[in-house]
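Residue-level structural notes
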There are 2 protein chains.
Amino acid sequence: MVTIKDIARAAGVSPATVSRALNDSPLLREETKTRIRHLAAELGYEKNELARGLVKGASGAIGLIIPDITNPFFADIARGAEEVARVRGYGVLLCTTEGDPELERSHLHLLRRKRVDGLLLTSVTAEDPYLEDLVRANVPFVLVSRLVRRLDAPFVVGDDRHGARLAVEHLISIGHRRIGFIGGPKDVQSSQDRMEAYQVALAEQGLPPRRGWAVFASFTQDAGREWGRALLSRKDRPTALFAANDLIALGVMEAAEEVGLRIPEDLSLVGYDNISYAALPRIQLTTVAQPTVEMGRIAAEYLLDVIDGSRRRKLRKVLRPHLVVRRTTAPPPSRADTRDLTTG
Amino acid sequence: MVTIKDIARAAGVSPATVSRALNDSPLLREETKTRIRHLAAELGYEKNELARGLVKGASGAIGLIIPDITNPFFADIARGAEEVARVRGYGVLLCTTEGDPELERSHLHLLRRKRVDGLLLTSVTAEDPYLEDLVRANVPFVLVSRLVRRLDAPFVVGDDRHGARLAVEHLISIGHRRIGFIGGPKDVQSSQDRMEAYQVALAEQGLPPRRGWAVFASFTQDAGREWGRALLSRKDRPTALFAANDLIALGVMEAAEEVGLRIPEDLSLVGYDNISYAALPRIQLTTVAQPTVEMGRIAAEYLLDVIDGSRRRKLRKVLRPHLVVRRTTAPPPSRADTRDLTTG
DNA sequence: TTGTACGCGTTATCAC
DNA sequence: GTGATAACGCGTACAA
């Protein structure tokens, strides 16, 4: 590999001058700058960011921690983040945790050893124990899509209460009165918020909560299938289900098919997130859309601002979701139909 | 940040000794090694990989270049790659090109500046001009899922001819005689192979190629929809379509719905790759399964072996795909049905 | 078995 | 304007 010393020798100047030329120092005269740059290009010089990082105390890379890149929700975030990192000349180190705190911990160490300049965190559950270490170590980071109440950390999230309300009100507006909810994990903030907003929205319309129609579960298709089966097998089953994310909704689709319920004729279904799955032909899931890619972008943009020292005010971004009505919601079956089905 | 000097001072030894202890040098006595290590842990020491990389000429990271992390096919590869990189202590720098050669080029430069130890390349079309630069620069790399004939580079691919044959033979075995094909880009090797194998498989069964039933397009849902519409609107439309990947197949699903054809009653459909979309409820696409995650794993494993200097023979892995029969294939409609539909 | 001294490629601080 | 020189944190010949 060619170094600035090689260029210096070839140009008949000192390494310092080469460095200045390459960094566009105002101290040099234009003429020498361009001359040296041409020479560098000719020799195929590539700056060594390891060396640069060593002296400047910055690596020019950020870490992105997610549970699973295969989950389209996180892939969207990754995409937004990578996009802005790229245009700002930063690298992004991909770290997947599989939801395992131990893996998260080891990734965090790897990233510190690599001296990443900042972190984008998504897989953070409420009790995540490593966050205080990060603030102690003074590593800039942003929480993406998951909020941690006990900490005063910068974040980008969606307005979960508003989103859940949109879902429930949509169902009510087309005539549903018997609306169930399958939630995410109990210890995740967004999960709690969606549950609460669901209950509030029902209450506002004078619809009493029905015992067993709303459950905490987990953000997976499996959970959706299992709980969907349970809820839909009840004698007094709901005519509509609001799923706390799209994966759960897909599980409910499976359950509905197993139980012999048609969507949307017999059962209306609303998801959350509007991941790529939701728009697929035949799925066509009505869902609450979060600007997921945008969340990744905003988080990365802020993080890099902080790193570059240009930003001061702490990021507290709450993005408004909106409802995307597709083909999994329709008015509930008439009473006759309902009787038919509940006895069947 | 605490350095080995700090530890040396605290331990009353020289920095060199600390370095040796941390790298488990056989020169040191166990006792001092463990003592120093404990001390390092206490002080919260984290090795500076920038400095280490500078002296060793290796960064401890590899680059992963893909067109789009949002595409489940590439997300699968990324997952496999990240998984093995993680256990072997390497970082992976995520680079997405959006299929733009210019972006690919700039990423390649960034990665060289970061002195990555190796590269995983997926978005490489046949004319990719940067590959020779890489071999010239002596950067280890592996081609994943895309083959470049003119170059003698290590690769992991699926056996596309075999896969395509599986698809076509399945369709023939359940009674289809009128089988169309919508391919990927003409300049991609796997695309060409699938097309050829499709034609060979037909010919072997004595089924003559029909003019206009087989087309090169691109690996996107849009392409599937457009070409699907075109092929399915013909008077002499096929009773089955083989799509060169699952995204195309999804587009065909849309087209079929537009045209009023039911799948699989009126039209059988086979995809390729078995991405996560294919297994979704209501999609349930019959498809040729590639071990995509495994491809990422194998590629990374080999790359890191090369980097560590433990591997010599060039990787030329061709993985066997298998057919996953789901619900988009069925025997063709009877002749009466066919007449009905073509006049409708 | 351990310490000394140097170099990895760059930037920054002095001089000139 | 430009050139020495000294860091940055670590690994490693060489010496002890």
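Residues numbered from 1 in each chain as written. Chains lettered and ligands numbered in written order. Predicted model: local features only at pLDDT ≥ 70, side-chain atom pairs only at ≥ 80, totals over all residues. Heavy atoms only, no water.

1. Comments concerning the overall build of chain A
Summing up its helical and strand segments, chain A has 13 helices and 12 strands in all. Relative to a compact globule of 344 residues, whose C-alpha radius of gyration would be 20 Å, chain A shows 26 Å and is clearly more extended. Expressed along its principal axes, the backbone C-alpha trace of chain A runs to roughly 95 × 40 × 30 Å. Buried positions account for 55% of the 344 residues belonging to chain A. Long-range pairs, those at least 24 residues apart, make up 70% of the contacts in chain A between residues at least 6 apart in sequence. In the structure as shown, chain A presents an accessible area of about 14800 Å², 50% of it carried by carbon and sulfur atoms. The distance from the centre of the 49 positive side-chain charges to the centre of the 44 negative ones in chain A is 3 Å. (Helix = DSSP H or I, 4+ residues; strand = E, 2+ residues; numbered from the N terminus. Rg over C-alpha atoms; globule rule 2.2 N^0.38 Å. Buried < 20%, exposed > 50% of the residue type's maximum accessible area, 1.4 Å probe, protein only. Contact = heavy atoms within 4.5 Å. Areas by Shrake-Rupley, 256 points an atom, 1.4 Å probe, with all protein chains shown as cover. Lys, Arg positive; Asp, Glu negative; His and termini not counted. Charge placed at Lys NZ, Arg CZ, Asp CG, Glu CD.)

2. Re the protein's contact with DNA strand D
The immediate surroundings of DNA strand D are formed by 24 residues, with T17(A), R20(A), I4(B), S19(B) and Y45(B) found nearest. Those atoms of DNA strand D that come within 4 Å of the protein belong to sugar or phosphate at a rate of 69%. In this structure, a base nitrogen belonging to DNA strand D sits 2.5 Å away from a side-chain N or O atom of R20(A). Here a phosphate oxygen of DNA strand D and a side-chain polar atom of K56(B) are 3.4 Å apart. Listing elements by their share of the surface near DNA strand D, those giving two or more residues are α2 (15–22) and α4 (49–56) of chain A together with α2 (15–22) and α4 (49–56) of chain B. The leading source of residues in the surface near DNA strand D is α4(B), at four residues. Broken down by class, the residue content of the surface near DNA strand D amounts to 11 nonpolar, eight polar and five charged. (Near = heavy atom within 4 Å. Polar contact = N/O pair within 3.5 Å; in protein donor to acceptor, adjacent residues only side chain to side chain. Nonpolar A, V, L, I, M, F, W, Y, C, P; charged D, E, K, R; others polar.)

3. Regarding the sheet that holds strand β6 (residues 179–182) of chain B
All names here are of chain B. Taken in spatial order, the six strands make up an open sheet running β7-β6-β8-β9-β10-β12, and their pairing is mixed. The open sheet has two edge strands, β7 (214–215) and β12 (322–324), and neither has a second partner. Sheet topology note: the β6/strand β8 (residues 240–243) ladder contains four bridges and is parallel. Bridge assignment links I182 to a residue of β8, and that residue is A243. Docked against the sheet, helix α8 (residues 160–173) engages β6, β8, β9 (268–273), β10 (286–289) and β12, running at close to 165° with respect to β9. (Pairing = 2+ DSSP bridges. Axes fitted to C-alpha atoms, helices over the stretch in contact; angles between N-to-C directions.)

4. Digging into the packing of α8(B) against helix α9 (residues 189–204) of chain B
Residues and elements named next belong to chain B. Here α8 crosses α9 at 40°, and the two axes come no closer than 8 Å. On the basis of their axis angle, the class for α8 and α9 is oblique. In this structure, α8 crosses over α9, and the sense of that crossing is right-handed. Of the residues in α9, those in contact with D160, R161, A164, R165, V168, E169 and I172 of α8 are S190, D193, R194, E196, A197, Y198, V200, A201, L202 and E204. By residue class, the composition of the contact of α8 with α9 is eight nonpolar, one polar and eight charged. (Parallel < 35°, antiparallel > 145°, perpendicular 65-115°, else oblique. Left-handed = near helix turned anticlockwise from the far one by under 90°.)

5. With respect to the protein's contact with DNA strand C
Around DNA strand C, the surrounding shell holds 26 residues, and the nearest of these are I4(A), S19(A), Y45(A), T17(B) and R20(B). Protein-proximal atoms of DNA strand C, defined as those within 4 Å of the protein, fall in sugar or phosphate at a share of 71%. Between S19(A) and DNA strand C, the recorded distance is 2.6 Å, taken from a side-chain N or O atom to a phosphate oxygen. A distance of 3.1 Å separates a phosphate oxygen of DNA strand C from a polar atom in the side chain of N23(A). Every element with two or more residues in the surface near DNA strand C is listed here: α1 (4–11), α2 and α4 of chain A together with α2 and α4 of chain B. If you tally residues by element for the surface near DNA strand C, the top one is α4(A), at four residues. Residue composition of the surface near DNA strand C, by class: 11 nonpolar, eight polar and seven charged.

6. So, the side chain of S59(B)
Among the secondary structure elements, S59(B) is positioned in the loop between α4 and β1 (61–66). In this structure the side chain of S59(B) is engaged in a polar contact, spanning 2.8 Å, whose partner is the backbone oxygen of R115(B). Residue contacts for S59(B): discarding those within four places in its chain leaves L50(A), K114(A), E49(B), K114(B), R115(B), V116(B) and D117(B).

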